[in-house]
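Fold and contact review
Okay, here's what each chain looks like letter by letter:
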Amino acid sequence: MNDTVNTVLQAKGVEKSFQGPDGLTIDVLRSADLKVHSGESLSIRGESGSGKSTFLNVISWLDQPDKGLVFWDGLEVPALSRQELARRRSEVLGFVFQSYYLMPELNVLENVVMASRMIRMIGRAEWNRAEQLLEKVGLQERLKQLPSKLSGGERQRVAIARALMNRPSVILADEPTGNLDEETASLVMELLLNLSRKEEASLVLVTHNPTFAARTDRQVMLSGGKFEEVS
Ligand SMILES: Nc1ncnc2c1ncn2[C@@H]1O[C@H](COP(=O)(O)OP(=O)(O)OP(=O)(O)O)[C@@H](O)[C@H]1O
Ligand SMILES: [Mg+2]
């Protein structure tokens, strides 16, 4: 098997430290290695403050590592220019956050279609794609509504449709059900797992919920700044 081709996301020896409030250095990631294969779902667990969100920021190059390498679809990330980087990020990665981050002044359909603006002109094909995705998350009746009119679960379904808009290789989801009640959380998680599989996107899921973690193909724990496989 050609490992490079089948690895959609890779971190190699990634290190990241922050200056704490007392001036002391906190080593959050200490030579963290992780590979995400094409089509797989992977969950990351770890104590609060263990560096899960930091890792997602670094792997998506929204924050740079102090040391180590990051690859997207086998391509080393820092080799890209700033503009290429932003475009490539939109093509390769889809994001789902705990607090949705929808644009309040745009309606549901516009929120989804706007994900493609970094890559191409928005035309009929893009509007159709956005509409189809919103149908898949069960929001076909809500296309023209503003996010403020939606429940938390509905907002997160919009965010899932938006994350899939550009047919990404990977979806990065940071506690996507953290703000939802138990029942809504289960429904949203089901949708995220099923849709990412159907759309052939790998999924990296940060969650504190062991039941959700157990639903992914592979589970890892972030502890002491490194990943450990959970069997
Ligand atoms: N920009 C920053 N400046 C200083 N310290 C930071 C910064 N970002 C994160 N940290 C610190 O790095 C550590 C890891 O934070 P991070 O948010 O990655 O943890 P987490 O595993 O996502 O936690 P949680 O489960 O609570 O979301 C924490 O000690 C945090 O205070
Ligand atoms: Mg976090």
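Here, every reference points to the structure presented above.
Being a predicted model, the structure only gives us computed values, none of them experimental.

**Considerations on the sheet that holds strand E1 (residues 7-19)**
- Ordered by their spatial adjacency, 4 strands build an open sheet running E2-E1-E4-E5, and the pairing between neighbours is antiparallel. If you trace the sheet from one side to the other, it starts and ends with strand E2 (25-37) and strand E5 (75-76), each paired once.
- In this sheet, E5 lies alongside strand E4 (residues 67-72) in antiparallel orientation, the contact comprising 2 bridges. Counterpart to Trp72 in the pairing with E5 is Leu75.

**Description of the pairing of strand E9 (residues 218-223)**
- As judged from the 4 bridges shared by strand E3 (residues 41-45) and E9, these two strands associate in the parallel manner. Within the sheet, the bridge partner assigned to Leu42 lies in E9 and is Arg218.
- In terms of strand pairing, E9 meets strand E10 (residues 226-230) through 5 bridges, oriented antiparallel. Its bridge partner lying in E10, Gln219 is registered against Val230.
- Adjacent in sequence and paired antiparallel, E9 and E10 are bridged by 2 residues, among which Gly224 carries a positive phi angle near 60°.

**Comments concerning the pairing of strand E8 (residues 202-206)**
- Burial within E8 is extensive, with 5 of its 5 residues counted as buried.
- In E8, alternate side chains face the same way, and those of Ser202, Val204 and Val206 on one face and Leu203 and Leu205 on the other are all buried.
- Judged from the 4 bridges that link them, E3 and E8 form a sheet pairing that is parallel. Bridging from a neighbouring strand, Ile44 pairs with Val206 of E8.
- In the sheet, strand E7 (residues 170-174) pairs with E8 via 5 bridges, with the strands oriented parallel. Looking at E8, one finds that Asp174 is bridged to Val206.
- After leaving E7, the chain enters helix H7 (residues 182-198) and then returns to the sheet as E8, a path that is right-handed.

Rules of the game
- Residues numbered from 1 in each chain as written.
- Chains lettered and ligands numbered in written order.
- Predicted model: local features only at pLDDT ≥ 70, side-chain atom pairs only at ≥ 80, totals over all residues.
- Pairing = 2+ DSSP bridges.
- Helix = DSSP H or I, 4+ residues; strand = E, 2+ residues; numbered from the N terminus.
- Buried ≥ 20, exposed ≤ 12 C-beta atoms within 10 Å, placed from the backbone.
- Right-handed = clockwise from strand over helix to strand, strands pointing away.

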